Amino acid sequence: MAARTAPVELASLTGLTPLSATTGGADSQEIYDVLRARWGVVAPVDMEPGVPAWLVMGHAEICEITRNEAQFSRDPRNWRWHYDGLLPNSSALLGISPRQPRSSSYHHDGEKRRRLREPLDDGLASLPERNVVAQVEEVTMRLIDGFGPSGEADLVQDWSKKVGFLAVTALFGFDPETADQMMADSAHIMDHTNEAAEARNRMGRNLMAHVLDRRATGGDDLTAAFVRHPSFHDDGEVADSMSVPLIAASEFLTAWIALTLRLLLTDTRFAARWTGGRIALDDALDEVLWREAPAANPPLPRYAMQDLELDGKLVRKGDALIMAVAAANQDPSVHTGDLWDEVGNRAHLAWGVGPHRCPASRQARIIARVAINRLLTELDLELAVEDHELSWVPSPWVRHPQALPVRYQRARSSGTEIYDF
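Rules of the game
Residues numbered from 1 in each chain as written. Predicted model: local features only at pLDDT ≥ 70, side-chain atom pairs only at ≥ 80, totals over all residues. Heavy atoms only, no water. Helix = DSSP H or I, 4+ residues; strand = E, 2+ residues; numbered from the N terminus. Contact = heavy atoms within 4.5 Å. Pairing = 2+ DSSP bridges. Axes fitted to C-alpha atoms, helices over the stretch in contact; angles between N-to-C directions. Phe/Tyr/Trp six-rings, centres within 6.5 Å; stacked < 30°, edge-to-face > 60°. Buried < 20%, exposed > 50% of the residue type's maximum accessible area, 1.4 Å probe, protein only.

A separate point is the environment of Pro294. Mapped onto the elements of the fold, Pro294 is located in the loop between helix H12 (281-291) and strand S6 (302-304). Setting aside residues no more than four positions away along its own chain, Pro294 makes contact with Phe252, Ala255, Trp256, Leu259, Val288, Leu289, Trp397, Val398 and Arg399.

Spelled out as structure tokens, the structure:
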């Protein structure tokens, strides 16, 4: 990676491929293959029109970059488009790369990242798995009871988008009403709607009110664990650090659950192996992490701290780099594509690598496993359209169907349903 003159740099390029093109097609690898054929494992793309970044598609290159926070910072203040004042106030990228980062480990490096990350690691490690399972079961049954005995539903809007977020808010100890409001606010923030600013402020108020309540009353949930942790300097840091897993739940868990349901509803050979007991539901979850990568291009840009050469490209100080996890997972050095050879193989990059690796992989897997298992146990489902008719969300970061329309029949009763006939 020694810096020297290279023939390709972002400032000289126009007409770049939109990053959203990599996630929005029926074939999850098609555009990556086109980019790789033209540029190699590092390709220029537009995160949004006129805002370029380097898309890193090599497994080894991603590992090298994400392990080196001194050279590749997560602090958006190191992005040239911020310190040169190039990004307009209307940009949706402000949601993932704010000009002034929040006080969480998400957007910091070095010692400050370590200090702010420690409470998250410790708090998640302190959650008993049986408690997590019980809370997710409660959320799933509440949602399933709302379906009624039979009918039609969209397993993205009516299930995947709700169950992950509400399960995470339950771990933090939020009541259902506040959780529902925060879920709606999170959608406005991530979709950058006209209500995003108001939603962000309201979500901040709800987070702080909950922190203050736990400071006064205590408790045994994740918020109480954060409040007690000595590494946080003030309640603002506690609230900001709570927002990270909540936003992640609204994006990553939605995609992971939706993609796994699609796999089990459309891939008859894979579904037969699962229902026949030859593979576990965890194997289906892992197959999705390999095959589709829910966070195809995780919204975690790195920013170069000096000029350097990478795969024959001149990366300038302040350039943004996006890690194309979905592309890297198809690297033949780590993934053969053979289903039986891959059972138990978790060398994928879905959870990230290095100091910013996702701290909640265990809890996320529990939530996804319980949510999918409970849904398929309680409801008999049939996809209402052909697989090739599904369309995909236009997000540059995550990949999942815009909708999974199904017809369903209640397979059993929990005894808690209230039907409005």
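Moving on: the sheet that holds strand S9 (residues 320-323). Judged by pairing direction, the sheet is mixed, and its six strands sit side by side in the order S1-S2-S3-S9-S6-S4 without closing on themselves. Both outer strands of the open sheet, strand S1 (17-18) and strand S4 (72-73), are each paired with one neighbouring strand and no more. As judged from the two bridges shared by S1 and strand S2 (residues 42-48), these two strands associate in the parallel manner. In the sheet register, Thr17 faces S2, and the bridge partner there is Val45. Against the sheet, helix H1 (residues 30-39) contacts S1, S2 and strand S3 (51-56), and its axis sits at roughly 130° relative to S2. Across the sheet, helix H2 (residues 59-66) touches S3, S4, S6 and S9, and the angle it forms with S9 is around 125°.

Below, the discussion takes up the packing of aromatic side chains. Going through the model one piece at a time under the given rule, you end up with eight aromatic pairs. Judged by centre distance (5.8 Å) and plane angle (80°), the rings of Phe172 and Phe226 are edge-to-face. Of the two residues, Phe172 sits in the loop between helix H6 (156-171) and helix H7 (176-191) while Phe226 sits in helix H9 (residues 222-228), which places them 54 residues apart along the sequence. Across this residue pair, the class does not change: Phe172 and Phe226 are buried. With a centroid separation of 5.7 Å and 55° between ring planes, the pair formed by Phe226 and Phe232 is classed as tilted. When its relative accessible area of 0% is taken as the criterion, Phe226 is described as buried.

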